[in-house]
Amino acid sequence: MSDSATDWDLISSYAGLLTLACTSIYAGSHGSLSSRNTRPPGTEPEEEEEEEVDRLSSQDAYLFPVIGSAVLFGLYLIVKYYGKEWITWLLQWYFTIAGVGSVGKSLISLSRWSIGEARWRDFDKMQLLLLKGPRELVSISLRTPSLLLLPAGSIPSILYTFGGSATRRSSLLTDILALSFSHNALSLLKLDSFKTGCVLLSGLFLYDIWWVFGTEVMVKVATNLDVPIKLLWPKSLSFATDRGFTMLGLGDIVIPGMFVAAALRYDYYRASRHGSSASVSKIYFYAALTAYAAGLIMTMSVMHFFRKAQPALLYLSPACIMSFLITATVRGEFSDAWSWSDEIEEKSERPAGIPDINGKVDDSSAPAPFAEEEEEVGSAASPSPSQTDGASDIPEKKKRSKKRS
């Protein structure tokens with residue numbers, strides 16, 4: 001093929017990878033929404049609501065590049081001096097076990113979205129409780145379809161690790177496992193604010209530049225570890241694998257995706273302030289998702305023309321941050337958006353007797369509902385016997401003293 005000819009096989013590979021990445025972020029962002037975000041204002045919590053997870057704070061964001069650098073350099077030293085065989089074997093077992101739960105959970109989320117939340121709640125609910133005295137150690141709640149979906153989620157992991165030559169570590173199974181990891185990571189790892197997101201993207205922007213351009217560490221680790229933490233798409237319109245694959249690491253999906261998911265939750269927060277969560281104008285979400293797609297296209301274009309691996313966050317981080325800054329500034333909402341926090345309210349700050357986000361009421365410090373009221377009524381409207389006797393004795397004594405005088 002001449003240099004001037006358009007390589008449609010490669011372009012189709014870039015387009016497929018872009019579609020997978022954007023679809024993964026779109027699904028994961030909506031998976032990060034909780035009933036606290038989508039419940040109409042003023043309505044009571046549902047009987048069954050998932051427990052909220054802690055948000056990532058600015059302190060966590062500052063540590064991300066440091067911890068990531070330590071882990072990456074540690075893997076590099078192991079691969080360089082001890083070989084890749086045993087660490088690859090260990091990681092493959094880890095991701096095989098994790099993949100069973102990850103794919104199963106993604107199948108449950110897909111089923112709930114397909115049939116609707118109302119119909120999903122019509123299925124019988126089973127709950128497993130593990131108690132130690134009055135304390136609840138483990139609580140697992142499942143609907144009946146989950147009993148089939150969770151075992152089905154083990155199939156990709158089993159085929160990936162133990163399948164024959166045609167299925168073992170195939171690109172299709174790699175993508176299925178990687179997409180489920182991405183979906184669940186975006187559902188669980190939530191930023192508490194745009195400020196934290198900007199800190200995280202800025203730190204990992206420098207992290208990616210250093211480890212890709214400054215050293216061989218990133219490329220060596222990524223090319224030597226054969227584990228399902230990347231998306232693959234064959235460089236062929238017919239999905240032939242002769243020319244190999246284009247690849248995108250999960251970090252280049254999950255990290256910017258966390259910022260895009262935060263933008264979606266902020267859109268729901270804006271809608272709730274106006275008294276409506278039914279019709280949400282997802283301005284910040286679509287702006288961030290569009291910026292992510294544009295940044296990824298830029299990454300692929302530079303990689304294609306210069307024929308050299310590129311740190312994707314070099315383009316994705318500025319694109320996502322600029323989408324937020326431009327959107328908030330143009331709409332005149334920068335101050336409000338920058339100060340917004342998605343942090344969960346502390347239990348101690350919630351008045352006794354008021355339901356929390358899970359619909360539970362803390363009655364430990366709440367007074368008895370009628371006892372206090374009766375005491376107040378008794379003290380105000382009907383004085384105690386001693387008070388009554390004392391009050392009536394005073395005029396009687398005055399009358400007797402007058403008679404004696």
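As shown above, the structure is provided for reference.
Reference entry: report on the structure contained in this document. (Residues numbered from 1 in each chain as written. Predicted model: local features only at pLDDT ≥ 70, side-chain atom pairs only at ≥ 80, totals over all residues. Heavy atoms only, no water.)

A few points about the pairing of strand 3 (residues 230–234)
- Within strand 3, four of the five residues are buried, which leaves the element mostly enclosed by the surrounding structure.
- In the sheet, strand 3 pairs with strand 4 (residues 245–249) via five bridges, with the strands oriented antiparallel. Its bridge partner being in strand 4, Lys-230 is matched across the sheet by Gly-249. (Buried < 20%, exposed > 50% of the residue type's maximum accessible area, 1.4 Å probe, protein only. Helix = DSSP H or I, 4+ residues; strand = E, 2+ residues; numbered from the N terminus. Pairing = 2+ DSSP bridges.)

So, the side chain of Ser-111
- Structurally, Ser-111 can be placed in helix 4 (residues 85–115).
- Among the polar contacts listed, one links the side chain of Ser-111 to the backbone oxygen of Leu-107, at a separation of 2.9 Å.
- Here Ser-111 is in contact with Trp-120 and Leu-149, once residues within four sequence places are set aside. (Polar contact = N/O pair within 3.5 Å; in protein donor to acceptor, adjacent residues only side chain to side chain. Contact = heavy atoms within 4.5 Å.)

What about the nonpolar core?
- Within the largest apolar cluster, 73 residues are counted, with the highest numbers of intra-cluster contacts made by Phe-194, Ile-253, Met-258, Tyr-292, Leu-296 and Phe-324.
- Excluding anything up to four places from it in sequence, Leu-296 contacts Leu-18, Ala-21, Leu-248 and Leu-316. (Core = buried A, V, L, I, M, F, W, Y, C linked by side-chain atoms within 4.5 Å.)

Considering the pattern of salt bridges
- For the coordinates displayed, the defined rule picks out nine salt bridges.
- Residue Glu-117 pairs with Arg-112 through a salt bridge whose shortest N-O separation is 2.4 Å.
- Between Arg-270 and Asp-267 there is a salt bridge, with its nearest N and O atoms 3.0 Å apart. Of this pair, Arg-270 and Asp-267 are both found in helix 11 (residues 251–273), three residues apart, which corresponds to roughly one turn of the helix. Both residues of the pair, Arg-270 and Asp-267, count as buried.
- Several salt bridges share partner residues, and in doing so they unite Asp-267, Arg-270, Arg-331 and Glu-333 into one network. (Salt bridge = Lys/Arg side-chain N within 4 Å of Asp/Glu carboxyl O.)

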